[in-house]
Structures are given as structure tokens and as C-alpha cells.
Amino acid sequence: QVQLVESGGGLVQPGGSLRVSCAVSGRTLSGYAVAWFRQSPGKEREFVAGYSRVGGYTYYGDDVKGRFTISRDNGKSTVYLQMNSLKPEDTAVYSCAMGNRVITSSIRNQNAYDWWGQGTQVTVSS
């Protein structure tokens, strides 16, 4: 059984930093695409960052490029999202997702992923 558990969310001031984690059990990260998505009230879920299934290439959403960094620790089966220069509009529930059939052109498509975590709330406010 595959489980993804996010942690590390919280309240941070604008301009601050936060790192959220996604611990995966039941599978190793090798051979799987893993991504972070976020959703705020009244908005559709959007792609934030992800690793491709083949080659481990990284991809970022336009709104976070240059501020957020995705990384992973294969030994711990954990994927991280380091968020810097946070803005109030980054406030959302951040969820990680994993899939073994995700092709590169679909990495930003939430429907391409098989397993999801429950999400962790990130609030950016003064």
C-alpha cells in the first residue's frame, strides 16, 4: 500500500521561508514521478514542482520558479519543497503526488498521478 504523508506546513510571514516534506511508504522513489501541487480556496489545484519519472529532471510552475526548490532523499523516500521569498498568494494546501505512468508532457497534469497525500496548509501572512 502506497502512502504519502506531508508535513512542515505552517504560518510564515511574507518574505520568509518554509520547507515542507512528503514521506513516501510502500514504494521507493526510483522510477516514479513525484510532484507538489497546491490549492487555495476558490481556485483550481495547480502544479508547483515535480521530478520526472525518467531521468529525475525537475520542473516548476511559472509562479514559483526561482523561489521554490524541489529535492529528494531516496534513502529516506522523502521529497522536499523548499519555499523562499514567500508571498501571501502562496497560501494554499500543498499536496504531494506520485505516479509510475507520468510522461514528461503530463507532469503538470494532476490527473496523471496515482497516489496523493492529505496535504499540509501553508499560510503566508503578517
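Look up: the structure comes first, before these words.
Remember, it's a predicted structure, so these values are computed and weren't measured experimentally.

Draft legend 1. Region of the structure containing the overall build of the chain. Looking only at helices and strands, one finds zero helices and eleven strands in the chain. Counting helices and strands in the order they occur from the N terminus, the chain gives β-β-β-β-β-β-β-β-β-β-β. Against the compact-globule benchmark of 14 Å for 126 residues, the chain has a radius of gyration of 13 Å, which places it among compact chains. Summarising its shape, the C-alpha atoms of the chain cover approximately 40 × 25 × 25 Å along the three principal directions. Looking at the chain as a whole, 44% of its 126 residues qualify as buried. For the chain, the proportion of contacts with a sequence separation of at least 24, taken over those separated by at least 6, is 58%.

Draft legend 2. Region of interest: the layout of surface pockets. Considering only enclosed or pocket space, the largest pocket measures out at about 170 Å³ in volume. Lining the largest pocket are 13 residues, with Arg38, Lys43, Glu46, Asp63 and Glu89 positioned closest to its centre. The residue inventory of the lining of the largest pocket, partitioned by class, reads one nonpolar, three polar and nine charged.

Draft legend 3. Structural view of the side chain of serine 95. Tracing the backbone shows serine 95 in strand β9 (residues 92-99). The residues contacting serine 95, other than those within four sequence positions of it, are Glu6, Ala35, Trp36, Phe37, Trp116, Gly117, Gln118 and Gly119.

Draft legend 4. Layout of the packing of aromatic side chains. Applying the stated criterion across every chain yields a total of five aromatic pairs. An aromatic cluster of three or more residues is present, and its members are Phe37, Phe47, Tyr113 and Trp116. Just above the ring of tyrosine 51 sits the side chain of arginine 72; from NZ or CZ to the centre is 4.3 Å.

Draft legend 5. Main features of the pattern of salt bridges. Within the structure shown, the criterion is met by five salt bridges. The shortest N-O distance in the salt bridge between arginine 67 and aspartate 90 comes to 2.8 Å. Taken as a pair, arginine 67 in the loop between β6 (58-60) and β7 (68-73) and aspartate 90 in the loop between β8 (78-83) and β9 lie far apart in primary sequence, 23 residues in all. One salt-bridge network, held together by shared partners, links Arg38, Glu46, Arg67 and Asp90.

Draft legend 6. Up close: the environment of serine 77. Note on placement: serine 77 falls in the loop between β7 and β8. Measuring from C-alpha to C-alpha, the distance between serine 77 and cysteine 22 comes to 8.4 Å, with 55 residues separating the pair along the chain. Among all residues touching serine 77, those that are not within four sequence positions of it are Cys22, Ala23, Val24, Arg27, Thr28 and Leu29.

Draft legend 7. A look at the pairing of β7. Relative to β8, β7 is paired through six bridges, and the arrangement is antiparallel. Directly across from isoleucine 70, in β8, lies its bridge partner leucine 81. Taken together, β7 and the strand that follows it, β8, pair antiparallel across an intervening segment of four residues, in which serine 77 is found at a positive phi of about 50°.

Cut-off values and rules
The residue numbers shown here count from 1 along each chain, following its written sequence. It should be noted that, the model being predicted, local features are given only for residues of pLDDT at least 70 and side-chain atom pairs only at 80 or more, the latter also being counted only at that level, while totals for whole chains, interfaces and linings use all residues. The side-chain quantities take in all heavy atoms of the structure and omit both hydrogens and water. Numbered from the N terminus, helices here are DSSP runs of H or I no shorter than four residues, and strands are runs of E no shorter than two. Throughout, the radius of gyration refers to the C-alpha atoms, and the reference size of a globule is 2.2 Å times the residue count to the power 0.38. Throughout this description, buried means an accessible area under 20% of the type-specific maximum (1.4 Å probe, protein chains only), exposed means over 50%, and partly exposed covers the range between. Should any heavy atoms of two residues lie within 4.5 Å, those residues are counted as being in contact. Within this scheme a cavity is a closed region of a 1 Å grid, computed over the protein atoms alone, that accommodates a 1.4 Å probe without allowing it to escape, whereas a pocket is open but has protein on both sides within 12 Å along at least five of seven lines; lining residues each have an atom within 4 Å of a point. Grid points are joined across faces, edges and corners, and a volume is the space filled by probe spheres set on the points. Residues are sorted three ways: Asp, Glu, Lys and Arg are charged, Ala, Val, Leu, Ile, Met, Phe, Trp, Tyr, Cys and Pro are nonpolar, and all the rest, Gly among them, are polar. Note on ring pairs: Phe, Tyr and Trp rings are taken, using the six-membered ring of Trp, and paired if centres are within 6.5 Å. Classes follow the plane angle, with under 30 degrees stacked, over 60 edge-to-face and the rest tilted. Lysine and arginine charges are scored as sitting over a ring when NZ or CZ, respectively, is within 6 Å of the ring centre and within 35 degrees of the ring normal. Any carboxyl oxygen of Asp or Glu that lies within 4 Å of a side-chain nitrogen of Lys or Arg is treated as forming a salt bridge with it. Two strands pair under a simple rule: DSSP has to find at least two bridges between them.

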